[in-house]
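A closer look at the structure
Residue strings, one per chain:
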Amino acid sequence: MNQPFKPAISATGSLRRRLIVQLLVIAALLSVVLYVSVSTFARQAAETTQDNILEASAAAISEAARAERDQVFLDIPYSALSMLGAVSEERVFYRVMVDGVTITGYADLPAPEVPPKLRRPSFETTVFRGDEVRVVATVRRITVADETVRLTVLVAQTRAGLAAISLRISIAAAAVGIGFFLVSGTLSWFAARNALRPLDLLAQSVARRGAHDLRPVRSDAPSELVPLLVALNSFMDRLRASLMRTEEFIAEAAHRVRTPLATVRAQAEIALRSVKQPHNRQTMREVIRAVDESSRSAGQLLDHAMVTFRSDNLARTEFDLEELARDTIRGIGPTADLKDIAIRFSAEAGLGKVKGDAILVQSALRNLLDNAVKYSPEESTIEVAIARKGRTARVSVRDQGRGFGDGDVERLKGRFDRGTNVADVVGSGLGLTIVDEVARAHGGSLDLASNERGNGACVFLTLPLA
Ligand SMILES: Nc1ncnc2c1ncn2[C@@H]1O[C@H](COP(=O)(O)OP(=O)(O)OP(=O)(O)O)[C@@H](O)[C@H]1O
Ligand SMILES: [Mg+2]
């Protein structure tokens, strides 16, 4: 009955894993985009820089040209080529043409396919003497002896250094991309864990509950979990209502059965008096015993339903356990007297109060005393003691009866479970179930043992002190 609930659910994948994988895929895509854009941008920036310097160099050479008499003179300014040298260890070539005729420089340096226009130089990447070079061409008009000529300046520079710079930038971009991926991967893991934390908390708060705790879950939850919580709570509501109906039905049924049973018993007693035949008398006694048993069962079922109901909405008022025990002992007194059983009671001084439902605790004590009286021989003694044990009060009931006998003692706490040595005594097997449920509802316990002082049973009911 109190078996832990093993769900027959097999997990299909994990939300956390799915979330992490998706975030990682996004991080990987972003890393690649980052790598491609950084390296492309850096390469373009390096190329633009080279183009600008080439253009400035070509412009400087072009500006240095001057017309004198009927000729074009040109002294290549040192600065025009040194600014190129500043970029890196590149090789530099130039070629100056007047109307297509090379006047200085490398005559085989190829001009860009697109011819330059005035103030609009043209660029091209080509291969010159086995090396990749970037070539710029500028054009300018010069008037020589009343004639306008076209002065074309080509400046070229190898690109080995640029390639090296590009490679370095690409490696750096790749490192940044990988770093970005690792950081976002770690963050994704944390994010996934954080996002699913409310789910874990909810599962924990439901799992921590006691077997009979059907109160609605009141924990705060993110909006996505609210429908689940609402469904869960409404399910528990229905379950509780259904359990309540069942208990009410049992109580009602027991109640209805008890009254006619009492009538049957009274009639049977009367009949027994007038029956003379031993065989018939025996039959009548069996009828009476069966009625007693049914009546006892009905009573205990009624009590049990009451205990279940009150445990669900446990009252938490402080009461004096010693006084309650004295009351209960007084109540069982007449039954004990019938068997000449003496009940001795002792309580530790300054015990303090117990917090809970006094009616339930009294019902538990009544059942323990009822057992002690029922299973004890005539003229024996029952000892009831209350002692303090840490933050709890422990009621012990010791008798000199037959004891629990062989077999599993814990089993006797189960519903309708009775010992093997009590066939001669009327009982329904619900008494210890009631005591156990009362103890649990209060956060205490019920322990069954043998009386260490000789024969008999010793039962401990432990309840936390207020
Ligand atoms: N003081 C005791 N001495 C010996 N056996 C006991 C004692 N108390 C309980 N038992 C054993 O534990 C069993 C379960 O006890 P429980 O009180 O639940 O049921 P019951 O006494 O048989 O029936 P009822 O519900 O009418 O009390 C009993 O049938 C009996 O075998
Ligand atoms: Mg009993």
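Residues numbered from 1 in each chain as written. Chains lettered and ligands numbered in written order. Predicted model: local features only at pLDDT ≥ 70, side-chain atom pairs only at ≥ 80, totals over all residues. Heavy atoms only, no water.

Named according to an unreviewed UniProt entry, the protein chain is histidine kinase originating from Rhodobium orientis. Listed in UniProt under the heading Subcellular location (unreviewed entry), the comment for the protein chain reads: "Membrane". Check the Catalytic activity (unreviewed entry) section of the UniProt entry for the protein chain; it says "ATP + protein L-histidine = ADP + protein N-phospho-L-histidine." (UniProt positions renumbered as here; feature names shortened; annotations may be inferred.)

**Digging into empty space enclosed by the protein**
Enumeration according to the criterion identifies two cavities of 30 Å³ or more in this entry. Along its surface, the largest cavity is lined by 29 residues, and Asn371, Tyr375, Phe404, Leu412 and Leu432 are the ones closest to its centre. Of all the elements, helix 7 (residues 358-374) adds the most residues to the lining of the largest cavity, at six residues. The residue makeup of the lining of the largest cavity, split by class, is 11 nonpolar, 11 polar and seven charged. Looking at the second largest cavity, its volume works out to about 50 Å³. Together, Ala325, Thr328, Ile329, Leu365, Leu369, Val384, Val395 and Val397 line the second largest cavity. (1 Å grid on protein atoms, 1.4 Å probe; cavity = no way out; pocket = protein on both sides within 12 Å on 5 of 7 lines; lining within 4 Å. Points joined across faces, edges and corners; volume = space filled by probe spheres on them. Helix = DSSP H or I, 4+ residues; strand = E, 2+ residues; numbered from the N terminus. Nonpolar A, V, L, I, M, F, W, Y, C, P; charged D, E, K, R; others polar.)

**What to know about the pairing of strand 4 (residues 101-105)**
In the case of a regular strand, side chains alternate between the two sheet surfaces. Summarising the sheet, strand 3 (residues 92-98) and strand 4 pair through four bridges and their orientation is antiparallel. Looking at the pairing, Val96 lines up with Thr104 of strand 4. The loop that links strand 3 with its antiparallel partner strand 4 comprises two residues; one of these, Asp99, has a positive phi angle of about 50 degrees. (Pairing = 2+ DSSP bridges.)

**A word on a nonpolar patch on the surface**
Taken together, the side chains of Leu15, Leu199 and Leu228 present a nonpolar region at the surface, about 260 Å² in accessible area. Structurally, Leu228 can be placed in helix 4 (residues 226-274). (Patch = residues over 30% accessible without salt bridge, like charges linked within 9 Å, V, L, I, M, F, W, Y side chains within 5 Å. Areas by Shrake-Rupley, 256 points an atom, 1.4 Å probe, with all protein chains shown as cover. Salt bridge = Lys/Arg side-chain N within 4 Å of Asp/Glu carboxyl O.)

**Points about the sheet that holds strand 7 (residues 147-158)**
Pairing is antiparallel across the open sheet formed by five strands, whose spatial order is 4-3-7-6-5. Taken across any chain shown, the strands that pair with only one partner, and hence form the sheet edges, are strand 4 and strand 5 (122-128). With direction set aside, neighbouring strand axes in the sheet form an average angle of 30 degrees. Pairing of strand 5 with strand 6 (residues 131-144) involves seven bridges; the strand directions are antiparallel. Bridging from a neighbouring strand, Thr125 pairs with Arg134 of strand 6. Each of strand 3, strand 5, strand 6 and strand 7 touches helix 1 (residues 15-64); the most contacted strand, strand 7, lies at about 145 degrees to it. (Axes fitted to C-alpha atoms, helices over the stretch in contact; angles between N-to-C directions. Contact = heavy atoms within 4.5 Å.)

**Some thoughts on the site of ligand 1**
Taken together, 21 residues are adjacent to ligand 1, and Arg296, Arg418, Ser428, Leu430 and Leu432 come closest. In the environment of ligand 1, an oxygen atom lies 2.5 Å from a nitrogen or oxygen atom belonging to the side chain of Arg418. Within the backbone of Gly429, a nitrogen or oxygen atom sits 2.8 Å from an oxygen atom of ligand 1. Calculation on ligand 1 without its partners gives an accessible area of 580 Å², and the protein chains cover 99% of this total. Placement of ligand 1 is best described as lying within the largest cavity. For the shell around ligand 1, the secondary-structure elements that each account for two or more residues are helix 5 (278-312), helix 7 and helix 8 (431-441). In terms of residue count, helix 7 provides more of the shell around ligand 1 than any other element does, three residues in total. Looking at the shell around ligand 1 residue by residue, the classes come out as eight nonpolar, eight polar and five charged. (Near = heavy atom within 4 Å. Polar contact = N/O pair within 3.5 Å; in protein donor to acceptor, adjacent residues only side chain to side chain. Sits in = over half its atoms within 2 Å of the grid points.)

**Some remarks on the environment of Arg281**
Among the secondary structure elements, Arg281 is positioned in helix 5. The class for Arg281 is partly exposed, based on a relative accessible area of 26%. Along the backbone, Arg281 and Ala271 are 10 residues apart, and their C-alpha atoms lie at a distance of 9.1 Å. Residue contacts for Arg281: discarding those within four places in its chain leaves Leu272, Val275 and Lys276. (Buried < 20%, exposed > 50% of the residue type's maximum accessible area, 1.4 Å probe, protein only.)

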